[in-house]
Amino acid sequence: MKECFSRLRNMDLRAKALPILAEFVSSFLFEFISIAIRMLRPDISYNIQLLITAIVEALGLSAAVFIAADVSGGHINPAVTLAFAIGGHISIPTAIFYGASQMLASMTACLCLNRLSAHKTVRITRFSLKIKGIFASILEGVMTFVLVLAVLVALDPLRADTKSRAARMAFVAGLATFVSVLTVGPLTGASLNPAHSFGPAFASGKYHNQVVYWVGPMIAGAVAAPVYRMVRS
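Since the structure is predicted, the reported quantities are computational estimates derived from the model, not experimental observations. Within every chain, residues take consecutive numbers counted from 1 along the sequence as written. Local features in this predicted model are restricted to residues of pLDDT 70 or higher, and side-chain atom pairs are both shown and tallied only at a pLDDT of 80 or more, whereas totals for entire chains, interfaces and linings draw on every residue. Side-chain calculation: all heavy atoms of the structure are included, whereas hydrogens and water are not.

Draft legend 1. Broad picture of the nonpolar core. Side-chain atoms within 4.5 Å are what join buried Ala, Val, Leu, Ile, Met, Phe, Trp, Tyr and Cys residues into a set we call a nonpolar core. Burial classes: relative accessible area under 20% of the type maximum marks a residue as buried, over 50% as exposed, and values in between as partly exposed (1.4 Å probe, protein chains only). Core analysis: the largest hydrophobic core is formed by 33 residues, its most contacted members being V65, F84, V148, V151, L152 and M169. Looking at this core, the elements that each hand over two or more residues are helix 2 (46–68), helix 3 (78–86), helix 4 (92–116), helix 5 (133–155), helix 6 (165–188) and helix 8 (210–232). Each helix corresponds to a stretch of at least 4 residues labelled H or I by DSSP, and each strand to a stretch of at least 2 residues labelled E; elements are numbered beginning at the N terminus. Ranked by residue count, the leading element in this core is helix 5, at 7 residues. Not counting residues up to four positions away in its chain, the partners in contact with M169 are V65, G73, F84, V151, A154 and L155. By size, the runner-up hydrophobic cluster in this structure holds 6 residues, among which are M39, C110, L113 and V122. In what follows, a contact means two residues having at least one pair of non-hydrogen atoms within 4.5 Å.

What follows is the structure, encoded as structure tokens:
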């Protein structure tokens, strides 16, 4: 009997740890791909480079979301996790563990890139000198709102085709990222993800303007959940 209860406890622990591990792995893959493409500086025009970055980041996020969608929900982003917690999709403790996993994955990916590139500086997320920090944060917030709301709609449990939920989430997350990089990328860097901005800052030791990439996206995530609930009702 004791052995039986021990197995049940171990199974419960694995069931709780697996989604957190899925968030770590998927977040690591996205961060590694996204930061790697931003570190490359090929001898091509800026517009072409921006388009390549948008495509690679969109595909990278789509793949990462699809990998973890059926296990953890494929958040990859603390702003998405916050929206899921406020919307009642996950518990507060789970959201905290997801967020910590995403942050750790981002830091690990950037440190790996730093080592693999012979200590080449990992590029931190910056906003254009043409705009002020508050406007950069607002732009980041608006585009993050679009991303989070799109993911929540794709998750809608009222849809009949629940089997394709992971594919829908992956597609809309990638599409929102693609559009965001092309539209606000030149102005803010189009992070839309606090963990995505924190990893390079940690690896480089440069924490400039981190508040810009935390305040806007996290407020957007908090607002998206009740807005989705109102729209759905």
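Draft legend 2. Quick look at a nonpolar patch on the surface. Residues form patches when they are more than 30% accessible in relative terms and have no salt bridge. Like charges link within 9 Å. Nonpolar side chains (Val, Leu, Ile, Met, Phe, Trp, Tyr) link within 5 Å. Areas reported as accessible are Shrake-Rupley estimates using a 1.4 Å probe. Residue values count occlusion only from the protein chains shown. Salt bridge, as used here, is a side-chain nitrogen of Lys or Arg placed within 4 Å of a carboxyl oxygen of Asp or Glu. A surface patch of nonpolar side chains, amounting to about 560 Å² of accessible area, comprises L18, L21, V25, L29, I33, I67 and V71. Here the element with the most residues in the nonpolar patch is helix 1 (residues 2–39); it accounts for 5 residues. Considering the arrangement of structural elements, one finds V71 in the loop between helix 2 and helix 3.

Draft legend 3. Region of interest: the UniProt feature "transmembrane region" (unreviewed entry) in the protein chain. UniProt positions are given in the numbering used here, feature names are shortened, and annotations may be inferred rather than shown by experiment. If you check UniProt for "transmembrane region" (unreviewed entry), the listed places come out as residues 20–40, 46–67, 79–98, 134–155, 167–191 and 211–231 in our numbering. The annotated region residues 46–67 carries 100% helix and 0% strand content, and the separation between its end C-alpha atoms amounts to 31 Å. Secondary structure across residues 211–231 comprises 100% helix and 0% strand; the distance between its end C-alpha atoms is 30 Å.

Draft legend 4. Broad picture of the packing of helix 5 against helix 6. Axis angles are defined between N-to-C directions and span 0 to 180 degrees, where every axis is a line fitted to C-alpha atoms and, for a helix, only to the segment in contact. Helix 6 packs onto helix 5 with a crossing angle of 165 degrees between their chain directions and a minimal axis gap of 8 Å. Compared by their axis directions, helix 5 and helix 6 come out roughly antiparallel. Where helix 5 crosses over helix 6, the handedness of that crossing is right-handed. From helix 5, A136, L139, E140, M143, L147, A150, V151, A154 and L155 reach across to helix 6, where they touch R165, R168, M169, V172, A173, A176, S180, T183, V184, L187 and T188. Each residue is assigned to one class: nonpolar for Ala, Val, Leu, Ile, Met, Phe, Trp, Tyr, Cys and Pro, charged for Asp, Glu, Lys and Arg, and polar for all the others, Gly among them. Split by residue class, the contact of helix 5 with helix 6 holds 14 nonpolar, 3 polar and 3 charged. Working definition: roughly parallel below 35 degrees, roughly antiparallel above 145 degrees, roughly perpendicular at 65 to 115 degrees, and oblique for all remaining angles. By the definition used in this description, the sense in which the near helix is turned from the far one sets the handedness, with an anticlockwise turn below a right angle giving left-handed and a clockwise turn giving right-handed.

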